[in-house]
Amino acid sequence: MPRGRTAVPYSYGMLLLLLLGVMELVPAEPGKWGKSAVFVKGQWTPFDENDEAGVPQPYPPRTDSWMQNDTSIMVSISSFRDYRCPKTLYNLFTKATNPNRVFAGVVQQNSHDDADCLYGYCEMIKEERGLEPKTPATGPAAKVLENCPHADQVRMLRVSSEDAKGPTYGRYLGSKLLGSEEFCMQIDAHMDFEDDWDKQLLDMWGLTNNEYGVLTTYVPNFDQLHLNLNNRYEVPQICKVLYTKPENMVRNEQATNCIWLSKPKLTASWAAGFSFNKCHADLKAPYDPHLPSLFDGEEYSKYARMWTRGYDTYTPHRSIVYHDYTHGPQTKRANAWSRKHRELKRSHDRLRTLLGDPDAHIKRDTPEAKEMLGRWDLGEKRSLNQLIAFTGVDTRNSKIDFDNCGKLQWVPFEEGEDDDWYVEDRREAQAKAKRISDKTRALAGMRGKRVSDKKGRGSKGSITGGQARHGAGGVHGLDERLAIPEGGGAVFILAICLIAFAAVVCACIYTGRVLRFPEGKLEKGGWEGGRAWEGVDAGLLADFGGLGSKVVKMI
């Protein structure tokens, strides 16, 4: 060995190279900017966020509404006996830049002794601000709601916990609370937010530069609120899936992490606990109501229907929304919905047909499959084979070819006639959405002429498109709706026949409990002293996957 050199063992040299590689990704001091990287196969893999020259790009936003301070946001929350729901509403409104543009649709699946989400929120915020009713209240509920900030921006659908059909069906009901809002966010009932979350999410969505962009991930736990995790802006990313056993359903794995992202990162998964997008995504790829008792398979099937309709999911480059992953004192109670084996089996087989699983009873790409899936089939902008190539999840052969966690390339598609959700005249777009919705209403007898006040809300017990609404004088003093599940043409004809012969069979109808009202008197559009709607007879509903007679119960 030449003089003047020091011998360095090979193992030390490798260790030195490894340390240099880590130092390149993690700066020695906060404030320095590192390289964007994703944690894959046990190591940080850097990638170039801006290497997009010469590759197809998504369709940019059609308007600059995401920049405006008054752009409306609808927040959908499905709550099952969750005592944390009032605090979530509190966080939602108190931490928004402009709370007046935020609307919440809460599907509350409670037992009789559970705290009400809206009432709990009102008690919480009124106590904090020292607010009292402005006028003498007519009852306990009115006293709680009177002078409650933003209470009129909360749409409640109260369902008995005994009738809960799992998260997929609960979120389907939540989609029925959507009004004319432009952006939609879906979250769980136990969430917290960074300050100015509404502006931050709109700005982040704008960075996707994609009209069909969807921000989504498994968000961090509460204890990471306001933190720059590890001083490198570490954020969770969902990109890997697995097949459950023995059901063979596709579900997301735990999130991996990304660091030093300067903008949202295109990904290949979707999370039900947090998603943020324009509301036309929820209109064009709505929740499938024919999946009762389903948990595993919910997220990937929704993602498949969105992606094949042209929607792209992105990992947020900053954490803005947070999740409470603890359960607290309610864990000792029976706070899970009752799963029914036959319902779940039918739901699993429906997903197998949707995703082309070879074990499906009804094979994909057959007339029978197309008829069964209906509007909840895959889209036509991108194909199932393209989805398999993009995600690495070969649902035709029930295997996973690769995990697509690194840098992804956008898959082009052609916009079509069904993409005209955002036109100059918003009234025309809303009318179109209503026409599409009306075609699927199950009960023709529930159709009624819309009665609106000057603000466009259904007034005092009016019936609109199959949904019973209670206005300011209703049961709870808010805009509440009874969601009637979609049904088939046979039920539509049956309902018309019932109306035609109502004069002859009215006694039989009341005896058969088509609508059974509790004792009390009807006043200002709502029943006092009991439930507004006890149930809807199964004979008037479509064969809704065996959901039973009391599909939805207002309490």
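Below you will find a few notes about this structure. If you're wondering where the values come from, they're calculated on a predicted model, not measured in any experiment.

A short note on the nonpolar core
Here's step 1: Of all hydrophobic cores here, the largest spans 90 residues; its most connected members are Leu89, Met185, Trp197 and Phe276.
Here's step 2: Here this core gets 6 residues from one element, more than from any other, and that element is helix H3 (residues 117-129).
Here's step 3: Residues Val40, Val235, Cys258 and Cys405 belong to the second largest nonpolar core, which totals 8 residues.

Overview of the sheet that holds strand E9 (residues 235-237)
Here's step 1: If you trace the 4 strands from one edge of the open sheet to the other, you get E2-E1-E12-E9, paired in antiparallel fashion. Two strands in the sheet have a free side with no partner beyond their single neighbour: strand E2 (43-46) and E9. Put simply, the sheet's adjacent strands are angled 35° from each other on average, direction ignored.
Here's step 2: Bridge count for strand E1 (residues 37-40) against E2 is 4 bridges, and the pairing is antiparallel. Bridging across to E2, Phe39 finds its partner in Trp44.

Some points on the sheet that holds strand E15 (residues 312-315)
Here's step 1: What the 8 strands build is an open sheet, ordered E5-E4-E3-E6-E14-E8-E15-E13; its pairing is mixed. Edge positions in the sheet fall to strand E5 (154-160) and strand E13 (265-267), since each of these pairs with one other strand and no more. Strand-to-strand twist of the sheet, defined as the mean angle between neighbouring strand axes without regard to direction, takes the value 25°.
Here's step 2: As defined by bridge partners, strand E8 (residues 213-216) adjoins E15 across 3 bridges and the pair is classed as parallel. Residue pairing for E15: Gly213 is matched across the bridge by Asp312.
Here's step 3: Lying on the sheet, helix H2 (residues 85-94) is in contact with strand E3 (73-80), strand E4 (102-110), E5 and strand E6 (183-187); it crosses E4 at an angle near 175°.
Here's step 4: In the packing of helix H5 (residues 167-175) onto the sheet, contacts are made with E3, E4, E5 and E6, and the angle to E4 comes to roughly 140°.

So, the packing of aromatic side chains
Here's step 1: The final tally for this structure, using the stated rule, is 16 aromatic pairs.
Here's step 2: Centroid distance Tyr59 to Tyr212: 6.3 Å. Interplanar angle 85°. Geometry classified as edge-to-face. Of this pair, Tyr59 sits in the loop between E2 and E3 while Tyr212 is found in the loop between helix H6 (197-208) and E8, placing the two residues 153 residues apart along the sequence.
Here's step 3: Relative to Tyr303, the ring of Tyr300 lies with its centre 6.0 Å away and its plane at 50°, an arrangement referred to as tilted. Taken together, the residues span about one helical turn, with Tyr300 and Tyr303 both in helix H8 (residues 298-307) at a distance of 3 residues. As far as burial versus exposure is concerned, Tyr300 and Tyr303 are alike and both buried.

Points about the pairing of E3
Here's step 1: Burial of E3 is extensive: 8 of the 8 residues sit out of reach of the surface.
Here's step 2: Of the two faces of E3, both are covered, the one formed by Ile73, Val75, Ile77 and Ser79 as well as the one formed by Met74, Ser76, Ser78 and Phe80.
Here's step 3: The sheet contact formed by E3 and E4 spans 8 bridges and is parallel. Bridge assignment links Ser76 to a residue of E4, and that residue is Gly105.
Here's step 4: Once the chain exits E3 it traverses H2 before rejoining the sheet at E4, and the crossover so formed is right-handed.
Here's step 5: As paired strands, E3 and E6 are joined by 5 bridges and run parallel to one another. For Ser76, the partnering residue across the bridge sits in E6 and is Gln186.

Digging into the environment of Cys117
Here's step 1: Position of Cys117 relative to the elements: it lies in helix H3.
Here's step 2: Of the residues examined, Cys117 reaches a relative accessible area of 1% and is grouped as buried.
Here's step 3: In this structure the C-alpha to C-alpha distance between Cys117 and Met156, which are 39 residues apart in sequence, comes to 8.8 Å.
Here's step 4: In this view, Cys117 contacts Cys85, Pro86, Leu89, Val106, Gln108 and Met156; residues no more than four positions away in its chain are not counted.

Considering the pattern of salt bridges
Here's step 1: Going through the model one piece at a time under the given rule, you end up with 24 salt bridges.
Here's step 2: In this structure, the salt-bridge partner of Asp377 is Arg364, at a minimum N-O distance of 3.0 Å. Of this pair, Asp377 sits in the loop between helix H10 (367-373) and helix H11 (384-391) while Arg364 sits in the loop between helix H9 (341-354) and H10, and the two are 13 residues apart along the sequence.
Here's step 3: In this structure Arg364 comes out as buried when scored by relative accessible area, which is 17%.
Here's step 4: Each of the salt bridges in this network shares a partner with another, and the network as a whole consists of Arg364, Asp365, Asp377 and Arg396.

Describing the packing of H2 against H3
Here's step 1: Between H2 and H3, the shortest axis-to-axis distance is 7 Å and the interhelical angle comes to 55°. For the element pair H2 / H3, the angle class is oblique. The crossing of H2 and H3 is right-handed. Of the residues in H3, those touching H2 at Cys85, Pro86, Lys87, Leu89, Tyr90, Phe93 and Thr94 are Cys117, Leu118, Gly120, Tyr121, Met124, Ile125, Glu128 and Arg129.
Here's step 2: Of the residues belonging to the contact of H2 with H3, the class tally is 10 nonpolar, 2 polar and 3 charged.

Comments concerning the pairing of strand E12 (residues 256-259)
For a regular strand, side-chain orientation follows a simple rule: the groups alternate between the two sheet faces.
Here's step 1: Two elements, E1 and E12, share 2 bridges in a ladder whose sense is antiparallel. Paired with Val38 across the two strands is Cys258, which belongs to E12.
Here's step 2: One ladder, built from 3 bridges, connects E9 with E12; its direction is antiparallel. Of the residues in E12, the one forming a bridge with Gln237 is Thr256.

With respect to the packing of H8 against H11
Here's step 1: Put simply, H8 and H11 touch, their axes get as near as 10 Å, and they point 115° apart. Judged by the sense of rotation from one axis to the other, the crossing of H8 with H11 is right-handed. Each of Tyr300, Tyr303, Ala304 and Trp307 in H8 lies in contact with H11, whose residues at this interface are Gln386, Leu387, Phe390 and Thr391.
Here's step 2: Partitioning the contact of H8 with H11 into residue classes produces 6 nonpolar, 2 polar and no charged.

A word on H8
Here's step 1: Of all 10 residues making up H8, 10 are buried, and the element is well covered by its neighbours.
Here's step 2: Within H8, the full set of buried residues consists of Glu298, Glu299, Tyr300, Ser301, Lys302, Tyr303, Ala304, Arg305, Met306 and Trp307.

Some words on the state of the cysteines
In a disulfide, the sulfur atoms of two cysteines are held together by a covalent bond.
Here's step 1: Under the counting rule described, the total for this entry stands at 4 disulfides.
Here's step 2: One disulfide in the model links Cys122 with Cys148; its S-S distance is 2.2 Å. Judged by the sign of its S-S torsion, about -95°, the bond between Cys122 and Cys148 is left-handed. One end of the pair, Cys122, is in helix H3; the other, Cys148, is in the loop between helix H4 (140-145) and E5, with 26 residues separating them in the sequence. In terms of burial, Cys122 and Cys148 fall into one category: buried.
Here's step 3: Cys239 shares a disulfide with Cys405; S-S distance 2.0 Å. As the torsion about the S-S bond is roughly 85°, the Cys239-Cys405 disulfide counts as right-handed. Here Cys239, found in the loop between E9 and strand E10 (241-243), pairs with Cys405, found in the loop between strand E18 (399-400) and helix H12 (426-438); they are 166 residues apart in sequence, far enough to count as distant. Take Cys239 and Cys405: they sit in the same class, and that class is buried.
Here's step 4: Here the bonded cysteines of the chain are numbered in sequence order, and their pairing is 1-2, 3-4, 5-7, 6-8.
Here's step 5: Of all cysteine sulfurs in the structure, the one in Cys239 sits closest to Cys258, which takes part in no disulfide; the separation is 7.3 Å.
Here's step 6: You can call Cys258 buried: its relative accessible area is 0%.

Thresholds, definitions, all that
- Residues numbered from 1 in each chain as written.
- Predicted model: local features only at pLDDT ≥ 70, side-chain atom pairs only at ≥ 80, totals over all residues.
- Heavy atoms only, no water.
- Core = buried A, V, L, I, M, F, W, Y, C linked by side-chain atoms within 4.5 Å.
- Buried < 20%, exposed > 50% of the residue type's maximum accessible area, 1.4 Å probe, protein only.
- Helix = DSSP H or I, 4+ residues; strand = E, 2+ residues; numbered from the N terminus.
- Pairing = 2+ DSSP bridges.
- Axes fitted to C-alpha atoms, helices over the stretch in contact; angles between N-to-C directions.
- Contact = heavy atoms within 4.5 Å.
- Phe/Tyr/Trp six-rings, centres within 6.5 Å; stacked < 30°, edge-to-face > 60°.
- Right-handed = clockwise from strand over helix to strand, strands pointing away.
- Salt bridge = Lys/Arg side-chain N within 4 Å of Asp/Glu carboxyl O.
- Parallel < 35°, antiparallel > 145°, perpendicular 65-115°, else oblique.
- Left-handed = near helix turned anticlockwise from the far one by under 90°.
- Nonpolar A, V, L, I, M, F, W, Y, C, P; charged D, E, K, R; others polar.
- Disulfide = S-S within 2.5 Å.

These results come straight from atomic positions and should not be treated as a statement about function.
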